[in-house]
Amino acid sequence: MLFFTLKKDRLPEFLDAVDKRYKLIVPEQKGEKTYTFRQYTEFSKVSLEFIRTIIPPKKLIFPPVEKLFSVDKECRIDASHEDEQFSVIFGLHPCDLHGIEILDKAFSYGGRDTSYWRRRDKVGFIGLSCLPDKYCLCKSMHTDFIESVYDIFLYTLDDVYMVSVRTALGDDMLRLSPGLFNKPTKEEILEYKERIQIRDSMFTRIMDTTNLADLLTLEYKNDIWEEYSKRCLFCGSCVMVCPTCQCFDVYDSPDVIAGNSCRIRRWDACMRKDYALVTGGHNFRGTRPERFRFRYLHKETGFGEMHGKASCTGCGRCSETCPAGIDMVEVVRRIRE
Amino acid sequence: MGKPKAGFYSLTSCSGDILEITNLGEDILKLFDLVEVVHLNVAMPSTGKDPDIAFVEGAVTSMEDEEFLKALRKKVKQLVGIGTCACTGGVIARGPEDRRNWLTDVYPESGAGFDITFPRPLKDIVTVDFSIPGCPIEKKYLLHCLGYLLKGVLPEVPAYSVCMECKMKGNECLLRYRSSACLGPVTKAGCGARQPSLGRPCDGCFGFYDDANKESLIEIFREMGLSEDEIKKRFDLFLERGL
Ligand code: SF4
Ligand code: SF4
Ligand code: SF4
Ligand code: SF4
């Protein structure tokens, strides 16, 4: 890891240089209070203050709907894909970088998922520090810092960014605009230390995650699952916006216009009624409380059993998005009672 | 074996669904490649031939509609309802059961003699093989279903809420951020979240989705300050009659 500083007013130059070389994706404002990752057009549109985008950057690597291959009338299989340009995503906060790390694990389990890795191998990340809002839970999930995944990470200080360069790709990016980067001064290092202290003290929402996986398992029969399942709309929004939800459905779709048939994969959600329906008609989670509970169990327990950490990054999207106002922190607090 | 013969028919409707088919643009040529179109209301004179597969829009609102539909059913292998009117009765099935006085109010002389019944969905009269909802139908969804139907297979249709499509599109939630009474959480997907994508709340024209939690959404609307009457009107527009 190498550290540099970048004057804040030189960031546009740096991003322009990255954009010239790679396909640059940046966070932009969408609605009054919402943000989205889009292809870079000009610096003035880039949001540096956003907390979370509606959909996490996973959409760029694991798109909501994708064609895996097609078969024509002569039974010829076409699994070719447009050779995608190498892209660099700017502005990922630690939670979203942790989200990528978790997807990497999920899509490597039992073999590399070719469709995921085809894109993943051609993307770089420039992280950006953030200050928490009322939904941020990363501190509780131990994802408020990231030491992997990113190529470059920018910590916002008063006049400069403290720039951490982690990979060879990060180094390549730096070299695109030589002269913009300096060695950090003693004062800047001091400011960096102060900043991380301040940020740490800003978390207003804490979720006690001590032995959470155990507790959720022990409280399998708790009445709150039934209670919340009356409120939950089973709309699936929480799953769609989650940076680590990785479930998909695969189906074949005849395309009457192209004259072929396509195998499609599309995001799926365990909130859905026939998600766990199998041939023969048995549904492993036929009731709503079972479906409501399962998301919590998978986030906090199931993934951990396989990979050694919970698959919630604490990004706060599910709580912010839920039209029924269901909030993970409250659910977990109730479980602890 | 020749191409399957397909007919597109209208009962009582605004013709919105057939118009969507004529709006297919260049793709309509593909449709003519794929099937022999024997009847396409509004767009071409009928060939008079009987179809193998019939697509019917509109609700049944007269004895004449009813008899036509029954006769059509006897001729075809597959009968597919297109548009919400065909599937549930649609907007024209809102309001009072008895509409006789409307007729005599509007046509004092001849009104009483008109042949009308309360608007009913196709399934109340005949066996319907498949229903394609939408007010009007979505072109993409129609073509998607057509691919399966022409192979004699039931179409794969998304068994989830409009919210899931809405989120896959990356939209800002209208219910959450703009306190708009969106029916997306209880409505069947398939339209690609057309209205929410344009900043308008979903009106529910595809009908309730399988696992819709209507009670909870009503409670959420109440908390948002909607009156009981406003809530009723929202659900009445399309959803209440059910697919
Ligand atoms: S977003 Fe909320 S209402 Fe919708 S499925 Fe998730 S918890 Fe339930
Ligand atoms: S099982 Fe549910 S919570 Fe877990 S990744 Fe799949 S959709 Fe998300
Ligand atoms: S479960 Fe919620 S808070 Fe955790 S990563 Fe998913 S969307 Fe973010
Ligand atoms: S705008 Fe409507 S359809 Fe979209 S997520 Fe919100 S409630 Fe669901």
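About the thresholds
- Residues numbered from 1 in each chain as written.
- Chains lettered and ligands numbered in written order.
- Predicted model: local features only at pLDDT ≥ 70, side-chain atom pairs only at ≥ 80, totals over all residues.
- Heavy atoms only, no water.
- Helix = DSSP H or I, 4+ residues; strand = E, 2+ residues; numbered from the N terminus.
- Rg over C-alpha atoms; globule rule 2.2 N^0.38 Å.
- Buried < 20%, exposed > 50% of the residue type's maximum accessible area, 1.4 Å probe, protein only.
- Contact = heavy atoms within 4.5 Å.
- Areas by Shrake-Rupley, 256 points an atom, 1.4 Å probe, with all protein chains shown as cover.
- Buried area = accessible area lost by both parts, 1.4 Å probe.
- Salt bridge = Lys/Arg side-chain N within 4 Å of Asp/Glu carboxyl O.
- Polar contact = N/O pair within 3.5 Å; in protein donor to acceptor, adjacent residues only side chain to side chain.
- Patch = residues over 30% accessible without salt bridge, like charges linked within 9 Å, V, L, I, M, F, W, Y side chains within 5 Å.
- Pairing = 2+ DSSP bridges.
- Axes fitted to C-alpha atoms, helices over the stretch in contact; angles between N-to-C directions.
- Near = heavy atom within 4 Å.
- Nonpolar A, V, L, I, M, F, W, Y, C, P; charged D, E, K, R; others polar.
- Phe/Tyr/Trp six-rings, centres within 6.5 Å; stacked < 30°, edge-to-face > 60°.

Participant: Please clarify how the overall build of chain A should be interpreted in this entry.
Facilitator: The helix and strand tally for chain A stands at 13 helices and 12 strands. A compact globule built from 337 residues would reach a C-alpha radius of gyration of about 20 Å, and chain A, at 22 Å, matches this within 12%. For chain A, the spread of C-alpha atoms along the three principal axes comes to 65 × 60 × 40 Å. The proportion of buried residues among the 337 residues of chain A is 54%. Considering only contacts in chain A between residues 6 or more positions apart, those separated by 24 or more positions represent 72%. With the model as given, the accessible surface of chain A reaches about 15,600 Å², and the carbon-plus-sulfur share is 51%.

Participant: Please explain the environment of glycine 58 of chain B as it appears in this structure.
Facilitator: Residue and element names in this part refer to chain B. One can find glycine 58 in the loop between strand E3 (53–57) and helix H3 (63–75). With relative accessibility at 0%, the residue glycine 58 sits in the buried group. With 70 residues separating them along the chain, glycine 58 and valine 128 place their C-alpha atoms 13 Å apart. Setting aside residues up to four positions removed in sequence, glycine 58 forms contacts with Leu11, Thr12, Ser13, Ile82, Cys85, Ala86 and Leu122.

Participant: Explain the interface of chain B and chain A here, please?
Facilitator: Between chain B and chain A, the contact holds 35 residues from the first and 44 residues from the second. Summing both partners gives a buried area of about 3,300 Å² for chain B against chain A, and 56% of it is carried by carbon and sulfur. At the junction of chain B with chain A, the criterion picks out 5 salt bridges. Here aspartate 211 of chain B and arginine 291 of chain A are joined by a salt bridge, their closest N and O atoms 2.9 Å apart. Here chain B and chain A share 21 residue pairs in polar contact (both at pLDDT 80 or more) between them.

Participant: Before we go on, may I ask you to explain a nonpolar patch on the surface in this structure?
Facilitator: Residue and element names in this part refer to chain A. On the surface, Leu131, Ile198 and Met202 cluster together into a nonpolar patch covering about 250 Å² of accessible area. Considering the arrangement of structural elements, one finds leucine 131 in the loop between strand E7 (123–128) and helix H5 (138–141). On the basis of relative accessible area, leucine 131 is assigned to the partly exposed category, the value being 43%.

Participant: Explanation requested: the sheet that holds strand E5 (residues 130–132) of chain B in the structure shown.
Facilitator: Strand pairing in a sheet relies on backbone hydrogen bonds. The paired strands run either parallel or antiparallel. Residues and elements named next belong to chain B. One open sheet accounts for 5 strands, arranged E2-E1-E3-E4-E5; its pairing is parallel. Across the chains shown, the open sheet's two edge strands, defined by having one partner strand only, are strand E2 (36–40) and E5. Within this sheet the neighbouring strands show an average axis-to-axis angle of 20 degrees, counted without direction. H3 contacts strand E1 (5–10), E3 and strand E4 (78–82) of the sheet and is inclined by roughly 140 degrees relative to E4. In the packing of helix H6 (residues 139–149) onto the sheet, contacts are made with E3, E4 and E5, and the angle to E5 comes to roughly 165 degrees.

Participant: What am I meant to see in the side chain of threonine 53 of chain A here?
Facilitator: All names here are of chain A. Mapped onto the fold, threonine 53 is located in the loop between strand E3 (35–39) and helix H2 (58–61). Within the structure, threonine 53 has its side chain in polar contact with the backbone oxygen of isoleucine 55 (distance 2.8 Å). Apart from the residues within four sequence positions on either side, threonine 53 is in contact with Tyr35, Thr36, Phe37 and Arg317.

Participant: When you look at the site of ligand 3 in this model, what are you seeing that I'm missing?
Facilitator: All names here are of chain A. Lining the immediate environment of ligand 3, one finds Cys242, Pro243, Arg295, Lys299, Cys312, Thr313, Gly314, Cys315, Gly316, Arg317, Cys318 and Met328. Among the secondary structure elements, those contributing two or more residues to the shell around ligand 3 are helix H11 (288–307) and helix H12 (317–321). A breakdown of the residues in the shell around ligand 3 according to their chemical character gives 6 nonpolar, 3 polar and 3 charged.

Participant: Any chance you could explain the pairing of strand E12 (residues 260–267) of chain A here in plain terms?
Facilitator: Consecutive side chains of a regular strand alternate in pointing toward one face of the sheet and then the other. Residues and elements named next belong to chain A. Taken across its 8 residues, E12 has 6 buried, putting it largely inside the fold. Two elements, strand E4 (residues 65–71) and E12, share 6 bridges in a ladder whose sense is antiparallel. Opposite valine 71, over in E12, you have serine 261 as the bridge partner. Where strand E11 (residues 248–255) and E12 come together, 8 bridges link them in antiparallel fashion. The partner of serine 253 across the bridge, within E12, is cysteine 262.

Participant: I would appreciate a short explanation of the sheet that holds E11 of chain A in the present structure.
Facilitator: Pairing is antiparallel across the open sheet formed by 4 strands, whose spatial order is E5-E4-E12-E11 (chain A). Only two strands of the sheet have a single neighbouring strand rather than two, namely strand E5 (77–78) and E11 of chain A.

Participant: What exactly am I supposed to notice about the packing of aromatic side chains here?
Facilitator: Each aromatic ring pair is described using two quantities: the centre-to-centre distance and the angle formed by the ring planes. Evaluation of the coordinates by the stated rule reveals 24 aromatic pairs over all chains. Residues tyrosine 35 of chain A and phenylalanine 50 of chain A carry aromatic rings whose centres are separated by 6.0 Å and whose planes lie at 50 degrees to one another, so their mutual orientation is tilted. Pair noted here: tyrosine 35 of chain A is in strand E3 and phenylalanine 50 of chain A is in the loop between E3 and H2, with a separation of 15 residues, a long-range link. Residue classification places tyrosine 35 of chain A among the buried residues on the basis of a relative accessible area of 16%. Owing to a relative accessible area of 2%, phenylalanine 50 of chain A belongs among the buried residues under this scheme. Note on tyrosine 9 of chain B and phenylalanine 68 of chain B: the rings are 5.8 Å apart at their centroids and 55 degrees apart in plane angle, and the pair reads as tilted. Residue tyrosine 9 of chain B is found in strand E1, and its partner phenylalanine 68 of chain B is found in helix H3; the two are separated by 59 residues along the sequence. Ring-pair connections join several aromatic residues into one group, and the members of that group are Phe62, Phe107, Tyr116, Trp117, Phe248 and Trp267 of chain A.

Participant: Sorry if this is basic, but what is going on with the site of ligand 1 here?
Facilitator: Every residue near ligand 1 is listed here: Cys232, Leu233, Phe234, Cys235, Gly236, Ser237, Cys238, Met271, Cys322, Pro323 and Ala324 of chain A. Of the residues in the shell around ligand 1, the class split is 9 nonpolar, 2 polar and no charged.

Participant: How should I be thinking about unusual backbone geometry in this particular structure?
Facilitator: The bulk of non-glycine residues show a negative phi, and the bulk of peptide bonds are trans. Omega for the bond connecting cysteine 135 of chain B with proline 136 of chain B falls within 30 degrees of zero, at -5 degrees, which places this linkage in the cis form. Inspection of the secondary structure assignment puts proline 136 of chain B in the loop between E5 and H6. With a phi close to 65 degrees, cysteine 75 of chain A is a non-glycine residue in the positive phi region. When you line up the elements, cysteine 75 of chain A lands in the loop between E4 and E5. In this model, phenylalanine 234 of chain A sits at a positive phi of 55 degrees, which is unusual for a non-glycine residue. With respect to the element layout, phenylalanine 234 of chain A can be found in the loop between helix H9 (224–231) and helix H10 (237–240). Residue classification places phenylalanine 234 of chain A among the buried positions, given a relative accessible area of 2%.

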